[in-house]
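Working through the structure, step by step
For reference, the chains in residue letters:
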Amino acid sequence: MQEIRKYVSDNKQRFLDELFELLRFPSVSADPKFKEDVLKTAEFVAEKLKAAGADKVEICPTAGYPIVYGEKTIDKSLPTVLVYGHYDVQPADPLELWKTPPFEPTIRDEKIYARGACDDKGQFYMHVKAFELMMETNTLPCNIKFMIEGEEEVGSANLGIFVAENKERLKADVVLISDTSMISLEHPSLETGLRGLSYVEVEVTGPNRDLHSGVYGGAVANPATILAKLIASMHDENNHITIPGFYDKVIELSAKEREDLNKAPFEENEYKQDLEIGELWGEKGYTTLERTGTRPTLEVNGIWGGYIGEGAKTVLPSKAFAKISMRLVPDQNSYEITRLFQTHFESIAPKSVKVKVSPHHGGEPVVTPTDSIAYKAAQKAISQAFGKEPIPTRGGGSIPIVALFEKELGIKTVLMGFGLDSDNLHSPNEKFDIANFYKGIETIPLFHRYFAELSR
Ligand code: BES
Ligand code: MN
Ligand code: MN
């Protein structure tokens, strides 16, 4: 531990400078305008992996953005850890809400502000630096493989293909990912589950063209009003989702599991104050931690139609749209849920409109084991680095590839995230606490040490 702390402390500034370099690439995978930048980011990652001591570093092309691979095999008889992360980021919009530009990382109040600071550049880069540390101090205790992709934020479609085609190369005993949150530095935690995702776009068409809202208004159904009603009808008075069959496969937690989950520290007042909301909302009969970690949800991500420009235009629009996502929990299946949504949405639409449902990407939910050697290694590493046992929690977000690692490679995952829920992921002013960055770099070598030790 002494040696680890010394290496981190001796290289503090350089680690941060390198992360800043990485954060300056606007690697937005959703927007083709940034294509060259995304490709340059992959090159940067490959260079840094090589410099840290990885062999067989390769920028593996896919039908979309490339996957950066690298490995260090020290002894075939030792266990292997596969580190996964993503170098792509979400779009930075709305730009005007950033206090400092999203791709010019800035430190305020001991926090790094930039798009990707936490999700996931700041987090996967901790692994690159921890690997450098283990190489430089001759303490790498097991084999390690890196797979850093560039399409996580758009659904990882090509990674699925890469994984299926590279089963031998990706052989490992555990997948280690830092792309989730912990409660706080005072209350370190380990996420033991991720929700799945089913994402659809709906289009509601009324009359065949936009109409004068005075001439036709009152006689023709307004698709925007209809869409609002259809969406509103999808939650009942208890905030249960009304899609028939939606909950059929949901595994209810045992009383003990619920009790354990609710032991995690949670300050409802702080939560409300941080978001400046008067009260919380959610499915009746469940606590906030249960609602975000263990229950499926339906959200409108965007809704539009008609005139949304400057000033006022009197118009009865021909069309209205919404992007709707559903977070899923075991044993729901994203394809099945998308189908249920589509059938239901079509069945509740009145004859005055036509509706179209187009599926986007999805992903399956997972629960990770807490009795495995790898989980115990993570517990031990965190306990030592933080001086406190980690609390198990269920994460509300999704990393669709985790379920695929299980299915395709038969490998379970440890979610050792160092971000905070309040890091503004996908939102303006995304940040990552500098302290969390360094703490992560200190904790990761301990994970490898204990994983190797406990595997013996
Ligand atoms: N790192 C997040 C997922 C996450 C964040 C999990 C915080 C747990 C806690 C990941 O980059 C992400 O944003 N995933 C997307 C899904 C993807 C298919 C676009 C998500 O959860 O919306
Ligand atoms: Mn992420
Ligand atoms: Mn993300």
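Heads up: the structure comes first, above all this text.
So, a few notes on the structure that sits alongside this text. (Residues numbered from 1 in each chain as written. Chains lettered and ligands numbered in written order. Predicted model: local features only at pLDDT ≥ 70, side-chain atom pairs only at ≥ 80, totals over all residues. Heavy atoms only, no water.)

Ordered by their spatial adjacency, four strands build an open sheet running 13-15-11-16, and the pairing between neighbours is antiparallel. Because the sheet does not close on itself, it has two edges, and the strands there are strand 13 (297-305) and strand 16 (354-363). Taking each pair of neighbouring strands and ignoring which way they run, the sheet shows an average axis angle of 20 degrees. Pairing between strand 11 (residues 196-205) and strand 16: eight bridges, direction antiparallel. Paired with Glu203 across the strands is Lys356, a residue of strand 16. Packed on one face of the sheet, helix 6 (residues 223-232) meets strand 11, strand 13, strand 15 (319-328) and strand 16 and runs near 15 degrees to strand 15. (Pairing = 2+ DSSP bridges. Helix = DSSP H or I, 4+ residues; strand = E, 2+ residues; numbered from the N terminus. Axes fitted to C-alpha atoms, helices over the stretch in contact; angles between N-to-C directions. Contact = heavy atoms within 4.5 Å.)

For Glu290, the position within the fold is in helix 9 (residues 288-293). Taking the C-alpha atoms as reference, Glu290 lies 30 Å from Ile434; in sequence the two are 144 residues apart. What Glu290 contacts, discounting residues up to four positions off in sequence, is Arg258, Leu261, Asn262, Gly285 and Arg295.

Right, let's get into the layout of surface pockets. Over the atoms, a rolled probe matching the size of one water molecule traces out where space is still vacant. Estimates place the volume of the second largest pocket at around 460 Å³. Considering the residues around the second largest pocket, the lining is formed by 23 residues, among which Ser334, Tyr335, Gly362, Gly363 and Glu364 are closest to the centre. Counting residues per element, the ones that place at least two in the lining of the second largest pocket are helix 5 (157-165), strand 11, helix 10 (334-348), strand 16 and helix 12 (401-409). Across the lining of the second largest pocket, the residue classes tally to nine nonpolar, eleven polar and three charged. For the lining of the second largest pocket, the domains that each give at least three residues are domain 1 (2-194 + 366-454) and domain 2 (196-250 + 296-363). (1 Å grid on protein atoms, 1.4 Å probe; cavity = no way out; pocket = protein on both sides within 12 Å on 5 of 7 lines; lining within 4 Å. Points joined across faces, edges and corners; volume = space filled by probe spheres on them. Nonpolar A, V, L, I, M, F, W, Y, C, P; charged D, E, K, R; others polar. Domains from an automatic or database assignment.)

What follows concerns the coordination of the manganese ion (ligand 3). Within the protein, the atoms that donate to the manganese ion (ligand 3) are Asp119 (OD), Glu153 (OE), Glu153 (OE) and His426 (NE2), at distances of 2.1 to 2.6 Å. Around the manganese ion (ligand 3), the six donor atoms sit at angles spanning 55 to 155 degrees, and that spread fits a shape best called irregular. Here the donor residues of the manganese ion (ligand 3) are spaced in sequence according to D-x33-E-x272-H. The distance between the manganese ion (ligand 3) and the manganese ion (ligand 2) is 3.6 Å, with Asp119 acting as a donor to both metals. Residue Glu153 is located in the loop between strand 6 (143-149) and helix 5, and its partner His426 is located in the loop between strand 20 (419-420) and strand 21 (431-433); the two are separated by 273 residues in the primary sequence. (Donors = N, O, S within 2.8 Å, 3.2 Å for Na, K, Ca; no water. Tetrahedral: all angles 85-135°; square planar, octahedral: opposite > 155°, others 65-115°.)

What follows covers the packing of aromatic side chains. Tallied over the full model, the rule gives 13 aromatic pairs. Summarising the aromatic geometry, the rings of Phe124 and Tyr125 are spaced 6.4 Å apart at their centres and angled 80 degrees between planes, so their arrangement reads as edge-to-face. For the pair shown, Phe124 and Tyr125 are each scored as buried. Ring geometry for Phe437 against Tyr438: centres 5.5 Å apart, planes inclined by 50 degrees, an arrangement best described as tilted. (Phe/Tyr/Trp six-rings, centres within 6.5 Å; stacked < 30°, edge-to-face > 60°. Buried < 20%, exposed > 50% of the residue type's maximum accessible area, 1.4 Å probe, protein only.)

Bringing a negative patch on the surface into the picture now. Side chains of Asp17, Glu21, Glu43 and Glu47 sit close together on the surface and give a patch of like negative charge. With respect to the helices and strands, Glu43 occurs in helix 3 (residues 35-52). Overall, Glu43 belongs to the partly exposed group, its relative accessible area being 44%. (Patch = residues over 30% accessible without salt bridge, like charges linked within 9 Å, V, L, I, M, F, W, Y side chains within 5 Å. Areas by Shrake-Rupley, 256 points an atom, 1.4 Å probe, with all protein chains shown as cover. Salt bridge = Lys/Arg side-chain N within 4 Å of Asp/Glu carboxyl O. Lys, Arg positive; Asp, Glu negative; His and termini not counted. Charge placed at Lys NZ, Arg CZ, Asp CG, Glu CD.)

Protein-derived coordination of the manganese ion (ligand 2) comes from His86 (NE2), Asp119 (OD), Asp179 (OD) and Asp179 (OD), at a distance range of 2.0 to 2.4 Å. For the manganese ion (ligand 2), the six donor atoms in the first shell make angles of 57 to 165 degrees at the metal, a pattern classed as irregular. Donor residues for the manganese ion (ligand 2), ordered by position in the chain, follow H-x32-D-x59-D.

It is worth spelling out the sheet that holds strand 4 (residues 106-108) at this point. An order of 4-5-21 is seen for the three strands of this open sheet, with the pairing classed as antiparallel. Here the strands that pair on one side only, and so sit at the sheet edges, are strand 4 and strand 21. Recorded for the sheet is a direction-independent mean angle of 30 degrees between the axes of neighbouring strands. Both strand 5 (residues 111-113) and strand 21 contribute to a ladder of three bridges, which runs antiparallel. What sits directly across from Tyr113, in strand 21, is Lys431. Where helix 13 (residues 434-455) meets the sheet, it contacts strand 4, strand 5 and strand 21, and its direction lies at approximately 60 degrees from that of strand 21.

An α-helix turns once per 3.6 residues; consequently, residues spaced three or four apart project the same way. Turning to helix 6, its buried residues are Pro223, Ile226, Leu227, Leu230 and Ile231. The buried residues of helix 6 occupy one face: seen down the axis, they fall within an arc of 130 degrees. Looking at helix 6, the residues exposed on the side facing more than 90 degrees away from the buried face are Lys229 and Ala232. Looking at the buried positions of helix 6, the neighbouring elements they touch are strand 11, strand 13, strand 14 (315-316), strand 15, helix 10 and strand 16. Capping of helix 6 at its N-terminal end is provided by Asn222; its side-chain oxygen lies 2.8 Å from the backbone amide nitrogen of Ala224. (Arc of directions from axis to C-beta. Polar contact = N/O pair within 3.5 Å; in protein donor to acceptor, adjacent residues only side chain to side chain.)

All right, on to the nonpolar core then. Burial of nonpolar side chains together is a common tendency in soluble globular proteins. Of all hydrophobic cores here, the largest spans 75 residues; its most connected members are Tyr87, Met416, Phe437 and Phe447. If near-sequence neighbours (up to four positions away) are discounted, Phe437 is found in contact with Phe15, Leu16, Leu19, Gly122, Met126 and Phe432. Counting residues in each nonpolar core, the second largest holds 24 residues, with Ile241, Met326, Phe345 and Val353 among its members. (Core = buried A, V, L, I, M, F, W, Y, C linked by side-chain atoms within 4.5 Å.)

Time to look at empty space enclosed by the protein. Following the criterion strictly, the structure yields two cavities of 30 Å³ or more and no others. Estimates place the volume of the largest cavity at around 60 Å³. Around the largest cavity, the lining residues are Ile251, Glu252, Leu253, Arg258, Tyr286, Glu290, Thr294 and Arg295. Of the residues contributing to the lining of the largest cavity, the split by class is three nonpolar, one polar and four charged. Put simply, the second largest cavity is a space of about 40 Å³. What lines the second largest cavity is Gly193, Leu194, Arg195, Gly293, Val329, Pro330, Val366, Val367, Arg394 and Gly395. Contributing elements (two or more residues each) for the lining of the second largest cavity: strand 10 (193-194) and strand 17 (366-367). Residues that form the lining of the second largest cavity fall into these classes: five nonpolar, three polar and two charged.

By themselves, these figures tell us nothing about what the structure is for.
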